[in-house]
Amino acid sequence: MRTFPKVFGAESRLFILAVLAAQVIGGLVTQMSPLIIGGVIVGFNLSEQQAGLIVFAEFFLLSATAIAVAPFLPRIRIRVACAMAAGVAVLFQLISMFLTDYYLVAIVRCIAGVGVGFVYAASLAAIGAHSKNPDQVYGYVQVTWALLSVVLFSVGGHLTEQYNHQGIYALILFLSFLLMPCLKFMPEKIAVTEDGIEKENSGNVSNLWGCLTLMGIFMYLTASAAIYTFSAPLGERSGLTTSQIGYALTAGSGIGFTGAVAASWLNVKFGRATPITAFSLAFCIIALVLCLNTNPLIFVLALIFSVVFFYFSVPYLFGLAAALDVKGRWAAAAGSAYLLGFAAGPGLAGTSVEWVGYPGLGIVCVASGLMAWVLLISVVRQIGDQTSHK
């Protein structure tokens, strides 16, 4: 049986198309979360805390699924499994469109999250196991999100303003269904070589450092998601409408493209410690500005910079995890930590705003970002600050 070659092999374009499609299907809910939060608040007349919790439930099932399947991915026929999981997700996303009860929508969206979580984890593991340069391919993923989000936030902002949560849910459903055929180009199995022989588990580091990496990713994403998912309420606090916030996110995605391109170009030319320190420091400053500011112009500028540095950061987070394990299992687990962070972010933001207000949210996010930096840098120092001299 013919096995799938590495990303830079003869069929690299189809492989990249497949993993990018899987990443989009698996990441649409998290990417569109600012509009989902805004739509849910208005559509169901909820408080920030209630809206954060309903989105948390879907994110949690998504991330829990990714965690549960990560150890078994090398033994699963992921091409077929991804198609089935995406089908389940699309079906239940469709059902949620016709429900009006807040609790029923949450339950149905959680079931959809199970399918989405599998697709997301499988795509990350495929990149980690089959690509010659995972950092660079993760950079391609962020470039794709930057370009795609220009359209998604513009259209999604209008749909959310007109139809609340049903509008943004419809957009997610449509794009997921559109991309499903691309999943047929996923590799048949994870962690196989051109000869079909599984890679040996050589060159792996202690599980301790893998767990510290996951903790660092989780804490960084929790803080980032707390700010990102509440960008709509933060923007409204600065005097912007939902549609205007959608335009701001669109501009951020367009300009944020530079962050993704910079990460793909820089790769690990200057090691991982320098870029990790740069985006961690930038996040802390931006989080404080967004949470303390009430000027609409400053909000838009800070939001754009937050998107730029976020797109810059993600390839290094996943690249660090991929460097720990030749079979891509830590990369898949990193996706779980990423999603868990996104799951925890809305709940953290909603609770922080209820208890200590938006300035308190900024302080909480800065503390989480700094702790994430300490963990990630400790792992980089342990495995060696890999530098590319190519």
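Residues numbered from 1 in each chain as written. Predicted model: local features only at pLDDT ≥ 70, side-chain atom pairs only at ≥ 80, totals over all residues. Heavy atoms only, no water.

Regarding the overall build of the protein
When helices and strands are tallied, the protein shows 13 helices and zero strands. Here the protein has a C-alpha radius of gyration of 19 Å; the compact-globule value for 390 residues is 21 Å, and the two agree. Structurally, the protein occupies a C-alpha span of about 60 × 45 × 30 Å along its principal axes. Per-residue burial over the protein gives 60% buried out of 390 residues. (Helix = DSSP H or I, 4+ residues; strand = E, 2+ residues; numbered from the N terminus. Rg over C-alpha atoms; globule rule 2.2 N^0.38 Å. Buried < 20%, exposed > 50% of the residue type's maximum accessible area, 1.4 Å probe, protein only.)

Focus: the nonpolar core
With 136 residues, the main nonpolar core has Ile36, Leu73, Met186, Tyr338 and Leu361 as its most contacted residues. Considering each element in turn, this core owes the most residues, 22 residues, to helix α13 (residues 329-383). Residues contacting Ile36, with those up to four places away along its chain left out, are Val29, Val55, Ile168, Tyr169 and Ile172. (Core = buried A, V, L, I, M, F, W, Y, C linked by side-chain atoms within 4.5 Å. Contact = heavy atoms within 4.5 Å.)

Quick word on helix α3 (residues 48-69)
Turn by turn, an α-helix covers 3.6 residues, leaving residues three or four places apart pointing in a common direction. Here α3 spans 32 Å end to end across 22 residues, near enough to the 32 Å set by a 1.5 Å rise per residue. For α3, the set of buried residues is Ala51, Gly52, Ile54, Val55, Glu58, Phe59, Leu62, Ser63, Thr65, Ala66 and Val69. Of the surrounding secondary structure, the elements contacted by the buried residues of α3 are α1 (12-31), α2 (33-43), α5 (102-130), α7 (165-179), α8 (207-229) and α13. (Expected span 1.5 Å × (residues − 1).)

Some details on the side chain of Ser231
Tracing the backbone through its elements, the reader meets Ser231 in helix α9 (residues 231-237). Not counting residues up to four positions away in its chain, the partners in contact with Ser231 are Pro34, Ile245, Leu249, Phe299 and Leu303.

Here we look at the packing of helix α11 (residues 273-292) against α13
Closest axis-to-axis distance for the α11/α13 pair is 8 Å, and the angle between their directions is 175°. One way to sum up the angle between α11 and α13 is to call them roughly antiparallel. For the contact of α11 with α13, the class distribution of residues is 19 nonpolar, four polar and no charged. (Axes fitted to C-alpha atoms, helices over the stretch in contact; angles between N-to-C directions. Parallel < 35°, antiparallel > 145°, perpendicular 65-115°, else oblique. Nonpolar A, V, L, I, M, F, W, Y, C, P; charged D, E, K, R; others polar.)

Some points on the state of the cysteines
One pass over the structure, following the stated rule, counts zero disulfides. Unpaired in terms of disulfides, Cys284 finds its nearest cysteine sulfur in Cys365, a separation of 9.3 Å. (Disulfide = S-S within 2.5 Å.)

Observations regarding the confidence of the model for the protein
When pLDDT is averaged across the protein, the result is 82; 91% of the residues are at 70 or more. Ranking the helices and strands of the protein by mean pLDDT puts α11 first, with 94, and α3 last, with 78. Low pLDDT, under 50, characterises residues 1-11; the predicted model gives this stretch 28 contacts beyond four residues in sequence or across chains. Across residues 192-203, where pLDDT falls below 50, the model places 25 contacts with residues more than four positions away in sequence or in other chains. (pLDDT = per-residue confidence, 0-100.)

Topic: a nonpolar patch on the surface
A surface patch of nonpolar side chains, amounting to about 320 Å² of accessible area, comprises Val88, Leu104, Ile107 and Ile111. With three residues, α5 is the largest single contributor of residues to the nonpolar patch. Counting through the fold element by element, Ile111 comes out in helix α5. (Patch = residues over 30% accessible without salt bridge, like charges linked within 9 Å, V, L, I, M, F, W, Y side chains within 5 Å. Areas by Shrake-Rupley, 256 points an atom, 1.4 Å probe, with all protein chains shown as cover. Salt bridge = Lys/Arg side-chain N within 4 Å of Asp/Glu carboxyl O.)

Some details on the pattern of salt bridges
Counting across every chain of the model gives three salt bridges. For the salt bridge of Glu188 with Arg77, the shortest nitrogen-to-oxygen distance reads 2.7 Å. Here Glu188 is found in the loop between α7 and α8, whereas its partner Arg77 is found in the loop between α3 and α4 (78-96), with 111 residues between them in sequence. The partner of Glu188 in a salt bridge is Arg79, with the nearest N and O atoms 3.4 Å apart. Highlighted residues: Glu188 in the loop between α7 and α8 and Arg79 in helix α4, separated in sequence by 109 residues. Taking the relative accessible area as the measure of exposure, Glu188 reaches 13% and is therefore buried. Since its relative accessible area comes to 28%, Arg79 is described here as partly exposed. Several salt bridges share partner residues, and in doing so they unite Arg77, Arg79 and Glu188 into one network.

A look at helix α12 (residues 296-322)
The end-to-end C-alpha separation of α12 is 39 Å, in line with the 39 Å expected for 27 residues at 1.5 Å each. Most of α12 sits out of view: 20 of its 27 residues are buried. Two or three places before Leu297, at the opening of α12, Asn295 has a side-chain oxygen 2.9 Å from that residue's backbone nitrogen. (Polar contact = N/O pair within 3.5 Å; in protein donor to acceptor, adjacent residues only side chain to side chain.)

Here's the deal with the packing of α1 against α7
How two helices sit against one another is set out by the angle between their axes and by the gap between those axes. Two numbers describe how α1 lies on α7: the axes approach to 9 Å, and their chain directions differ by 165°. Regarding the angle of α1 to α7, the classification is roughly antiparallel. Handedness of the α1/α7 crossing: left-handed. Contacts between α1 and α7 pair Ala21, Val24, Ile25, Leu28 and Val29 from the former with Ile172, Leu175, Ser176 and Leu179 from the latter. For the contact of α1 with α7, a count of residues per class yields eight nonpolar, one polar and no charged. (Left-handed = near helix turned anticlockwise from the far one by under 90°.)

With respect to the packing of aromatic side chains
For the coordinates displayed, the defined rule picks out seven aromatic pairs. Ring geometry for Phe312 and Tyr316: centres 5.3 Å apart, planes at 55°, overall tilted. Of this pair, Phe312 and Tyr316 both sit in helix α12, separated by four residues, roughly a single helical turn. The class for Phe312 is buried, based on a relative accessible area of 11%. (Phe/Tyr/Trp six-rings, centres within 6.5 Å; stacked < 30°, edge-to-face > 60°.)

Concerning the environment of Ser206
Examined against the element boundaries, Ser206 turns out to sit in the loop between α7 and α8. For Ser206, a relative accessible area of 41% corresponds to the partly exposed category. With 118 residues separating them in the primary sequence, Ser206 and Leu324 have C-alpha atoms 8.6 Å apart.

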